[in-house]
Amino acid sequence: MTLARLAALHGVATAHSPSEGVTVPVPEATVVAVLGALGVAATTPEEVAAALGAADRADRERLLPPTLVRWRDAEPVHPPADLPPGTRLRVTTEDGAVVTGRDWERLPLGVHTVEAQAPDGRTATAALIVSPVRAPAPGHRSYGLLVQLYSLLSTRSWGMGDLGDLRELATWAGRVHGAGFIQVNPLHAGVPGAPSDPSPYRPSSRRFPDPVHLRIEEVPEYALLGPEHRQELDGILGEAAELRERVLTKGAPVDRDAVWVLKRRALELVVAAVDLGPGRRADFHAFLAARGRALEDHATYQALAERHGPHWRSWPEALRAPRTAETVVREDPALAARVDFHCRLAWLTDRQLAAAAEAAREAGMAVGIVHDLAVGVHPEGSDTWARRDDFATGMSVGAPPDAFNARGQDWGLPPWRPDVLAATGYAPYRGLLRELLRHAGALRVDHVMGLFRLWWVPEGREPTEGTYVRYDADAMLAVLVLEAHRAGALVIGEDLGTVEPGVREELAGRGVFGTSVLWFERDWAGGGRPLPRDAWRTACVATATTHDLPPTAARLSGDHVTLRHRLGLLTGDLERERAADAAETAEWLGVFQRLGLLPEGPGDEEAEIVAVHRFLLDTPARMVGVWLPDAVGDRRPQNLPGTWDEYPNWRLPLAGPDGQPFTLERLAASPRAHALLRELHARTTAPDAPGASTETAATGRNARTAPPGARAD
């Protein structure tokens with residue numbers, strides 16, 4: 001019991017519930033390892049007793065917690081009620097104003113510093129987060145496109161979709177078809193080196209974008225290259241055209257590494273040959289000043305990785321920490337030049353992100369670009385190198401066993417330490433959100449349940465031997481809502497899978513939208529039949545599928561079952577799986593027919609996909625997302641969980657039903673895509689369209705359902 005009490009004090013679970021009525025104890029070795037990663041020694045009874053004693057003393061002596069949260073408008077903002085009488089308080093706002101005493105009602109929104117001094121001599125300093133009650137809400141109902149940007153090649157991109165393609169897509173979808181948003185995969189900086197990890201959900205840094213997404217020809221200095229560089233540039237352009245044609249006409253997968261080799265050569269040529277003009281230089285310097293040490297550290301990591309490889313734990317000792325590496329960089333002009341180069345690339349990428357966002361606004365998009373925040377970072381990447389102490393050493397984020405994966409999951413992402421986040425006033429989280437929201441109309445938060453708890457797996461152990469570690473959800477949400485408010489951006493949470501009771505309601509209460517996928521929306525409490533359209537929640541993005549699920553054409557045809565069987569991913573008999581899948585599909589098609597959404601009858605795949613989206617449009621959902629491959633009948637999933645080399649995850653171009661790649665230009669000329677998007681436009685602009693209830697959108701009261709596998713813990 002003493003170990004269990006110590007674990008509870010630090011937010012570490014000693015048991016979890018894989019299904020209703022079943023409780024599984026967490027191995028004691030796991031609890032000890034997780035506590036150790038939190039800086040709490042608990043390997044012997046003596047260490048446990050000492051740690052408990054230290055925790056009790058700290059609790060008795062503490063005047064303030066490391067971080068305080070106050071919600072503006074929910075109730076008057078007051079200091080903690082349990083402070084000793086006579087305690088003196090001083091608040092320094094983030095703008096430098098000073099407020100003394102207990103009158104906090106006029107404190108502005110922001111992250112402030114509060115200092116307390118008790119009559120007995122105790123003192124404390126804490127961060128004070130004053131946040132709006134709710135994140136911004138959409139002004140009216142809209143639909144948008146969900147796209148993996150690398151997959152959307154145009155006749156101008158260099159072998160993978162880029163920010164120029166994103167700008168063109170937003171302009172076309174907004175102006176021609178009235179789309180309200182474009183949601184993209186995470187554009188975070190990837191781990192350098194080849195072969196790189198193609199997953200956008202396992203980046204080197206979540207704070208800075210990847211320059212592989214740059215449209216080189218739209219860098220202003222590119223046009224100023226002199227004729228003496230033309231031959232070299234023509235050679236690069238020729239290789240880029242070959243790369244593009246290999247993907248578009250020869251069946252090759254997207255090769256991010258090859259694309260980056262060419263883009264880096266072109267950028268090195270441009271940066272070395274063309275000086276910035278006075279205005280551009282001033283803009284670059286302002287960008288550097290605003291990002292400060294965080295950008296310098298990221299660029300330093302990038303430069304060091306070019307020389308020593310991306311695995312920083314194997315670098316020379318002096319290079320394994322940013323402050324000692326600074327000295328090495330200062331003494332090496334070539335290395336310093338590479339640091340400046342990578343700072344320049346971050347700025348150039350930021351400017352093209354801004355251009356895409358501006359294009360979306362000019363096209364009339366109500367929301368604009370929806371950026372995606374991955375749940376974590378690569379253990380050998382820029383973020384872990386720059387802020388090693390923020391992460392739990394020897395731990396990885398994953399998922400417990402569930403109905404879909406009996407062995408659980410280990411995602412290979414080191415988790416943030418909740419105690420360090422609190423002690424720093426959530427500075428790493430605030431900086432990350434502020435950067436991502438700069439050019440976002442909305443932010444999608446992958447695995448949004450991680451704001452409440454994450455499944456930690458100790459290094460060397462199976463995912464089944466992990467445990468949940470709790471985060472201060474009030475503080476995490478306050479920071480998220482505050483930064484979204486500052487940016488005027490919506491927040492969308494990916495809340496599929498295992499969700500503990502109360503989480504969806506808390507998120508909805510803070511204005512965070514959920515994600516509802518058609519095939520998961522069933523009345524699980526009432527027999528498991530398809531959830532009636534009027535019972536869907538309002539505060540969500542309703543969609544037919546996601547990047548981790550089969551495209552709708554594959555779902556309707558059953559192709560996804562065949563694919564999983566071919567790759568050895570099915571756990572049951574093939575024919576039984578096919579029959580169950582066909583029955584589920586037929587049940588949904590029957591619903592569409594009874595509602596008059598499929599007048600053509602079953603058997604016409606294109607009509608069935610339109611019927612799926614008609615149903616989504618008939619729900620109260622305030623946002624409806626169209627998986628872009630569904631607009632052209634693509635059958636291949638972008639990612640197939642449980643596979644690595646067996647399937648080209650994150651490397652497939654957008655394609656038609658025959659598997660032939662679709663360029664952006666071909667998409668814009670596709671009668672099939674036009675027909676679907678016309679329907680969506682008409683149904684989201686109709687005056688009597690569903691989803692207009694502001695009250696329900698605010699409260700999330702219609703959220704009666706949860707995806708399979710959801711359970712209480």
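Residues numbered from 1 in each chain as written. Predicted model: local features only at pLDDT ≥ 70, side-chain atom pairs only at ≥ 80, totals over all residues. Heavy atoms only, no water.

Trainee: Could you clarify how one ought to interpret the overall build of the protein in this entry?
Mentor: A tally of regular secondary structure across the protein gives 22 helices and 21 strands. Radius of gyration (C-alpha) of the protein: 26 Å, near the 27 Å computed for a compact globule of 713 residues. Scored against the burial criterion, the 713 residues of the protein give a buried share of 57%. Put simply, of all contacts in the protein between residues at least 6 apart along the chain, 72% involve residues at least 24 apart. When the accessible area of the protein is evaluated, it comes to approximately 28,900 Å², of which 52% is carbon and sulfur surface. (Helix = DSSP H or I, 4+ residues; strand = E, 2+ residues; numbered from the N terminus. Rg over C-alpha atoms; globule rule 2.2 N^0.38 Å. Buried < 20%, exposed > 50% of the residue type's maximum accessible area, 1.4 Å probe, protein only. Contact = heavy atoms within 4.5 Å. Areas by Shrake-Rupley, 256 points an atom, 1.4 Å probe, with all protein chains shown as cover.)

Trainee: Before we go on, may I ask you to explain helix α5 (residues 230–249) in this structure?
Mentor: For an α-helix, 3.6 residues make a turn, and residues three or four places apart therefore share a direction. With 20 residues, α5 extends 27 Å between its outermost C-alpha atoms, agreeing within 8% with the 28 Å of an ideal straight helix rising 1.5 Å per residue. All of the buried residues along α5 are Leu233, Ile236, Ala240, Leu243, Arg244, Val247 and Leu248. An end-on view of α5 places all buried positions within 125 degrees of arc, on one side of the element. Along α5, exposed side chains directed more than 90 degrees from the buried face belong to Gln231, Glu242 and Thr249. (Expected span 1.5 Å × (residues − 1). Arc of directions from axis to C-beta.)

Trainee: Help me understand the sheet that holds strand β13 (residues 395–399), please; the structure alone is not making it clear to me.
Mentor: Ordered in space as β14-β13-β16-β17, the four strands form an open sheet in which the pairing is antiparallel. The open sheet is flanked by β14 (409–413) and β17 (467–470), the only strands paired with a single partner. Strand-to-strand twist in this sheet, taken as the mean axis angle between neighbours without regard to direction, amounts to 50 degrees. Seen against the sheet, helix α2 (residues 28–37) touches β13, β16 (453–458) and β17 and runs at an angle of roughly 105 degrees to β16. (Pairing = 2+ DSSP bridges. Axes fitted to C-alpha atoms, helices over the stretch in contact; angles between N-to-C directions.)

Trainee: Just to check I follow, could you spell out the packing of aromatic side chains for this structure?
Mentor: Aromatic rings in a pair are described by how distant their centres are and how their planes are angled relative to each other. Counted by the stated rule, this structure contains twelve aromatic pairs. Aromatic side chains tyrosine 301 and tryptophan 385 sit 6.2 Å apart centroid to centroid with 45 degrees between the ring planes, which places their arrangement in the tilted category. With a gap of 84 residues between them, tyrosine 301 in helix α7 (residues 278–308) and tryptophan 385 in helix α10 (residues 382–386) connect regions that are remote in the sequence. For tyrosine 301, a relative accessible area of 0% translates into the label buried. (Phe/Tyr/Trp six-rings, centres within 6.5 Å; stacked < 30°, edge-to-face > 60°.)

Trainee: Hey, could you run me through the layout of surface pockets in this one?
Mentor: The rolling of a water-molecule-sized probe over the atoms marks out the regions of remaining empty space. In this structure, the second largest pocket encloses a volume near 790 Å³. Around the second largest pocket, the lining comprises 22 residues; the ones closest to its centre are Leu9, His10, Arg62, Pro66 and Asp419. Listed by contribution, the elements that provide at least two residues to the lining of the second largest pocket are α1 (2–9), α3 (45–61) and α11 (418–423). Per element, the largest residue contribution to the lining of the second largest pocket is five residues, and it comes from α3. (1 Å grid on protein atoms, 1.4 Å probe; cavity = no way out; pocket = protein on both sides within 12 Å on 5 of 7 lines; lining within 4 Å. Points joined across faces, edges and corners; volume = space filled by probe spheres on them.)

Trainee: What's the story with the side chain of arginine 510 in this structure? I'm lost.
Mentor: In this fold, arginine 510 is placed in the loop between α14 (503–509) and β19 (514–517). With residues up to four places along the chain from it excluded, the contact list for arginine 510 reads Trp71, Val133, Arg134, Ala135, Asp474, Leu477 and Val481.

Trainee: Quick question: what am I supposed to make of the sheet that holds strand β6 (residues 110–117) here?
Mentor: As a general point, the strands of a sheet are linked pairwise by backbone hydrogen bonds and lie either parallel or antiparallel. The strand order across the open sheet formed by five strands is β3-β7-β6-β4-β5, and the pairing between neighbours is mixed. Because the sheet does not close on itself, it has two edges, and the strands there are β3 (67–72) and β5 (98–100). Here the strands of the sheet are splayed against their neighbours by 25 degrees on average, with no regard to which way each runs. Judged from the eight bridges that link them, β6 and strand β7 (residues 123–132) form a sheet pairing that is antiparallel. Looking across to β7, one finds that valine 114 is bridged to alanine 126.

Trainee: Just to check I follow, could you spell out the pattern of salt bridges for this structure?
Mentor: Two side chains of opposite charge can pair, provided their charged atoms sit close to one another. Within this structure, the stated rule accounts for 54 salt bridges. Note that arginine 323 is salt-bridged to aspartate 297, the shortest N-O span being 2.6 Å. Here the residue arginine 323 occupies a position in helix α8 (residues 322–330), and aspartate 297 occupies one in helix α7, the gap between them amounting to 26 residues. Judged by its relative accessible area of 33%, arginine 323 is partly exposed. Of the charged contacts in the structure, one is a salt bridge between aspartate 419 and arginine 417, with a shortest N-O distance of 2.6 Å. By relative accessible area, which is 34% here, aspartate 419 ends up partly exposed. When salt bridges with common partners are traced through the structure, they connect Asp162, Asp165, Arg167, Glu168, Arg215 and Glu218 into a single cluster. (Salt bridge = Lys/Arg side-chain N within 4 Å of Asp/Glu carboxyl O.)

Trainee: Would you take a moment to explain the environment of aspartate 604 for this structure?
Mentor: Tracing the backbone shows aspartate 604 in the loop between α17 (574–594) and α18 (605–618). Note on aspartate 604: relative accessible area 38%, which makes it partly exposed.

Trainee: Got a minute to help me understand the environment of aspartate 332 in this structure?
Mentor: The topology assignment puts aspartate 332 in the loop between α8 and α9 (333–362). The exposure class of aspartate 332 is buried, given its relative accessible area of 17%. Engagement of the side chain of aspartate 332 in a polar contact is seen with the side chain of arginine 307, the distance being 2.7 Å. For aspartate 332, the side chain forms a polar contact with the main-chain nitrogen of alanine 334, separated by 3.2 Å. (Polar contact = N/O pair within 3.5 Å; in protein donor to acceptor, adjacent residues only side chain to side chain.)

Trainee: Would you mind showing me how to read unusual backbone geometry here?
Mentor: If a residue is not glycine, its phi is most likely negative; likewise, a peptide bond is most likely trans. Alanine 194 connects to proline 195 through a cis peptide bond whose omega is -5 degrees. Following the sequence through the fold, proline 195 ends up in the loop between β10 (188–189) and β11 (205–209). The backbone phi angle of histidine 447 is positive, close to 50 degrees, even though this residue is not glycine. Mapped onto the fold, histidine 447 is located in the loop between β15 (442–445) and β16. A positive phi is found at tryptophan 650, a non-glycine position, where the angle reads about 60 degrees. Here tryptophan 650 shows up in the loop between α19 (628–632) and α20 (664–668). The class of tryptophan 650 is buried, set by a relative accessible area of 9%.

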